[in-house]
Amino acid sequence: MAGRGHRTISINCNVILISGEEDVPAPSCTVCREILDLHQPEIDRPDRFLATCGNCGAWHLLEQPEAGDHAYLARLPDLPELLQADRRTGIRRPRAQSG
Ligand SMILES: [Zn+2]
């Protein structure tokens, strides 16, 4: 994994608002429109899901405010997008030589 230190890169993230009256909406993939598989990694956060696409492999974050009538669906960036954003950031510091 990462070496010493870290730096920050910026990336755009489009968020889709899903209206619905169900407790948990059945969102579709923002890339290929397949119905997403919902995972709940935090058992004490029933309003927050990782939504993955079994067709194209895209990952999304799905959050539904308790008092809201819609949920937010944000597709998470994949590695090519992260690499592209990293290149756009531009400045690369030379690594310190050890020894
Ligand atoms: Zn998909």
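Provided above is the structure to which this section pertains.
Residues numbered from 1 in each chain as written. Predicted model: local features only at pLDDT ≥ 70, side-chain atom pairs only at ≥ 80, totals over all residues.

**Q** Looking at this structure, I do not really get the overall build of the protein. What am I missing?
**A** Helix and strand counts for the protein stand at 1 helix and 5 strands. The burial tally for the protein puts 10% of its 99 residues in the buried class. Within the protein, residue pairs in contact and separated by at least 24 positions form 41% of the contacts whose partners lie at least 6 positions apart. (Helix = DSSP H or I, 4+ residues; strand = E, 2+ residues; numbered from the N terminus. Buried ≥ 20, exposed ≤ 12 C-beta atoms within 10 Å, placed from the backbone. Contact = placed C-beta atoms within 7 Å.)

**Q** Help me understand the sheet that holds strand 3 (residues 48–52), please; the structure alone is not making it clear to me.
**A** The pairing of strands in a sheet happens through backbone hydrogen bonds and is either parallel or antiparallel. Here we have 5 strands laid out as an open sheet, ordered 1-5-4-3-2, and antiparallel in their pairing. Looking at which strands have only one partner, the edges of the open sheet turn out to be strand 1 (15–19) and strand 2 (37–39). Taking each pair of neighbouring strands and ignoring which way they run, the sheet shows an average axis angle of 30°. Direction of pairing for strand 4 (residues 59–63) relative to strand 5 (residues 70–75): antiparallel, over a ladder of 4 bridges. Residue pairing in the sheet places Glu 63 in a bridge with Tyr 72 of strand 5. (Pairing = 2+ DSSP bridges. Axes fitted to C-alpha atoms, helices over the stretch in contact; angles between N-to-C directions.)

**Q** Would you explain the environment of Pro 27 in this entry?
**A** With respect to the element layout, Pro 27 can be found in the loop between strand 1 and strand 2. It is 9.9 Å that separates the C-alpha atoms of Pro 27 and Tyr 72, two residues lying 45 residues apart in sequence. Beyond its immediate stretch of four places on either side in the chain, Pro 27 contacts Ile 18, Leu 36, Ala 51, Leu 62 and Leu 73.

**Q** Even after reading the chapter, I still don't get the pairing of strand 5, so can you show me in this structure?
**A** The side chains of a regular strand alternate, first on one face of the sheet and then on the other. In this structure, strand 1 lies alongside strand 5, joined through 5 bridges in antiparallel fashion. Residue Leu 17 lies in a different strand from strand 5, and its bridge partner there is Tyr 72. Taking the residues that link successive antiparallel strands as the turn, the strand 4-strand 5 hairpin has 6 residues.

**Q** Help me out: how do you make sense of the nonpolar core in this one?
**A** The tendency in soluble globular proteins is for nonpolar side chains to be buried as a group. Residues Cys 29, Leu 36, Phe 49, Ala 51, Cys 53, Leu 62, Ala 71 and Leu 73 constitute the largest nonpolar core, which totals 8 residues. Elements with a contribution of two residues or more to this core: strand 3 and strand 5. (Core = buried A, V, L, I, M, F, W, Y, C linked by C-beta atoms within 7 Å.)

**Q** Looking at this model, I keep getting lost on unusual backbone geometry. Mind explaining?
**A** Phi at Arg 33 is positive, roughly 75°, even though this residue is not glycine. Owing to 11 C-beta atoms within 10 Å, Arg 33 belongs among the exposed residues under this scheme.

**Q** Where do I start with the environment of Leu 61 in this structure?
**A** Note that Leu 61 resides in strand 4. Setting aside residues no more than four positions away along its own chain, Leu 61 makes contact with Leu 50, Ala 74 and Leu 76.

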